[in-house]
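A look at the structure
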Amino acid sequence: MITKLILGAAVVGTVIGGTLTLDVATAPGAEAATCYGSVSIWKGKNNTCSSARHWDAIKNAKSKYGAWVGRGRYSVQNACWANVVSYGMTAR
């Protein structure tokens, strides 16, 4: 059973030293995709999950998380982070 559902940027490309590197986020089950949406690098909306939060994965640093929010609310980052390699939502 999946205990955490993650919807991330499917593939984020970053140009480093003339080469293209790709970061692939974990793909969610179909039920997770309908649970939340409107996900961007800064925020994500919890449509129907009991609780969800936004996250940004930062290159060479700890991930940054928005607040856990209930249905119909937005989880928002408290700053604009540099070196974001992927982003998404986590539901519980």
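What comes next is a walk through the structure. (Residues numbered from 1 in each chain as written. Predicted model: local features only at pLDDT ≥ 70, side-chain atom pairs only at ≥ 80, totals over all residues. Heavy atoms only, no water.)

**A word on the packing of aromatic side chains**
What characterises a pair of aromatic rings is the spacing of the ring centres plus the angle enclosed by the ring planes. Scanning the model with the defined rule gives 0 aromatic pairs in all. Above the face of the Y65 ring, R53 is positioned so that its terminal group lies 4.0 Å from the ring centre. The ring of W68 is capped by R92, whose NZ or CZ atom sits 3.9 Å from the centre of that ring. (Phe/Tyr/Trp six-rings, centres within 6.5 Å; stacked < 30°, edge-to-face > 60°. Lys NZ or Arg CZ within 6 Å of the ring centre and 35° of its normal.)

**As for the sheet that holds strand β8 (residues 73-76)**
Strand order in the open sheet formed by 3 strands is β4-β5-β8, with antiparallel pairing between adjacent strands. Each end of this open sheet is capped by a strand with a single partner; those strands are β4 (36-37) and β8. With 4 bridges connecting them, strand β5 (residues 43-46) and β8 associate as antiparallel partners. Following the sheet pairing, N46 is matched in β8 by R73. (Pairing = 2+ DSSP bridges. Helix = DSSP H or I, 4+ residues; strand = E, 2+ residues; numbered from the N terminus.)

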